[in-house]
Amino acid sequence: MKMVYAALASLLVMGSLASCEKEKKQTLNNIIVPPREVSVPDTIIHQMNETESNDEVSWVGSVYKVKTHRYSNDSLSVVTDETGKRYRNNVILVKITRKDGSTFFEKKFTKALFDGLVDDDYLKKNLLLGLVYNGTDKDGLHFLGSVGSPDILTEEYVPFIVTINKNGEVSVEKGNLDTREGVDSDETNKPVPEKSDEVV
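Figured I'd write up the structure that's included with this text. (Residues numbered from 1 in each chain as written. Predicted model: local features only at pLDDT ≥ 70, side-chain atom pairs only at ≥ 80, totals over all residues. Heavy atoms only, no water.)

## Focus on the overall build of the protein chain
Then, number 1: When its secondary structure is counted, the protein chain shows two helices and twelve strands.
Then, number 2: Ordered by position from N to C terminus, the α and β elements of the protein chain give α-β-β-β-β-β-β-β-α-β-β-β-β-β.
Then, number 3: Residues counted as buried form 33% of the 200 residues belonging to the protein chain.
Then, number 4: Long-range pairs, those at least 24 residues apart, make up 52% of the contacts in the protein chain between residues at least 6 apart in sequence.
Then, number 5: Here the protein chain displays about 13,000 Å² of accessible surface, and carbon together with sulfur accounts for 52% of that area. (Helix = DSSP H or I, 4+ residues; strand = E, 2+ residues; numbered from the N terminus. Buried < 20%, exposed > 50% of the residue type's maximum accessible area, 1.4 Å probe, protein only. Contact = heavy atoms within 4.5 Å. Areas by Shrake-Rupley, 256 points an atom, 1.4 Å probe, with all protein chains shown as cover.)

Have a look at this one:
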């Protein structure tokens, strides 16, 4: 009889050990290890959307049409910002036509227009964001220009006033056209396009 009890006790111990071993294996199998985050470098060259605006302007006794057209240009150097993100540079075409359809002024602008008016390092790491018609006065047709970061998370930019006079000559100064007197316009346009229109 003692042998029967001993055999039963032995079976119970073995069963208990087997159960513990099984639970241990299940516990080990249930351990979830989070995947290791791997930093993938951004190799995409980003660009801003193409935009175009058209204005009809009364100036020096006549009517003119002012067209501004922003687009990215592959032939220009690529800009690398502070975060290492790369962007194509922008070109902005300004075309002004007379009432009879003839061209008074036509020029493609790049950020080189502001060379000497902003720090070289800042100019190198940022884009020409916008150049928009803002009004007229005795000095000519005025545009608001800006150089800055295309990143939608920042509103960093430097504003400029670009003036085209009656002879088609271009002058540039740093500042904001809001403070100029005698500008013949009811509306002041922000020089920076919506950065949410950035595409890749």
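From this point, the discussion proceeds with the structure in view.
## Focus on unusual backbone geometry
Then, number 1: Positive phi values are uncommon outside glycine, yet V60 reaches one of about 45°.
Then, number 2: Looking at the element boundaries, V60 is found in the loop between β2 (51-59) and β3 (62-72).

## As for the sheet that holds strand β11 (residues 170-174)
Then, number 1: The four strands are arranged β8-β9-β10-β11 in an open sheet whose pairing can be described as antiparallel. The open sheet is flanked by β8 (127-137) and β11, the only strands paired with a single partner. The average undirected angle you get between the axes of adjacent strands in this sheet is 25°.
Then, number 2: Note that strand β9 (residues 140-148) and strand β10 (residues 157-164) share eight bridges and pair antiparallel. Residue pairing across strands places V147 opposite V158, the latter belonging to β10. (Pairing = 2+ DSSP bridges. Axes fitted to C-alpha atoms, helices over the stretch in contact; angles between N-to-C directions.)

## Observations regarding the environment of T80
Then, number 1: In this fold, T80 is placed in strand β4 (residues 79-80).
Then, number 2: When its relative accessible area of 37% is taken as the criterion, T80 is described as partly exposed.
Then, number 3: Taking the C-alpha atoms as reference, T80 lies 9.9 Å from L127; in sequence the two are 47 residues apart.
Then, number 4: Not counting the four nearest positions on each side in its chain, T80 is found in contact with K85, R86 and K125.

## Structural notes on the pairing of β11
Two faces belong to every sheet, and in a regular strand the side chains alternate between them.
Then, number 1: Note: β10 against β11, five bridges, orientation antiparallel. Paired with F160 across the bridge in β11 is K174.
Then, number 2: Connecting β10 to the antiparallel partner β11 that follows it, the hairpin turn spans five residues, and G168 within it adopts a positive phi of roughly 80°.

## Let's talk about the nonpolar core
Then, number 1: The biggest cluster of nonpolar side chains holds 24 residues, and the ones touching the most others in it are V94, I96 and F143.
Then, number 2: At the level of elements, β2, β3, β6 (90-97), β7 (103-109), α2 (120-125), β8, β9 and β10 are the ones that each hand at least two residues to this core.
Then, number 3: Per-element accounting of this core gives the leading share, four residues, to β10.
Then, number 4: Judged by nonpolar contacts, the second largest core, of five residues, contains V79, Y87, L127 and L129. (Core = buried A, V, L, I, M, F, W, Y, C linked by side-chain atoms within 4.5 Å.)

## A short note on the environment of K138
Then, number 1: Here K138 lies in the loop between β8 and β9.
Then, number 2: Placed 78 residues apart in sequence, K138 and V60 show a C-alpha to C-alpha distance of 8.4 Å.
Then, number 3: Looking at K138, its side chain comes within polar contact range of the side chain of D139, at 3.4 Å. (Polar contact = N/O pair within 3.5 Å; in protein donor to acceptor, adjacent residues only side chain to side chain.)

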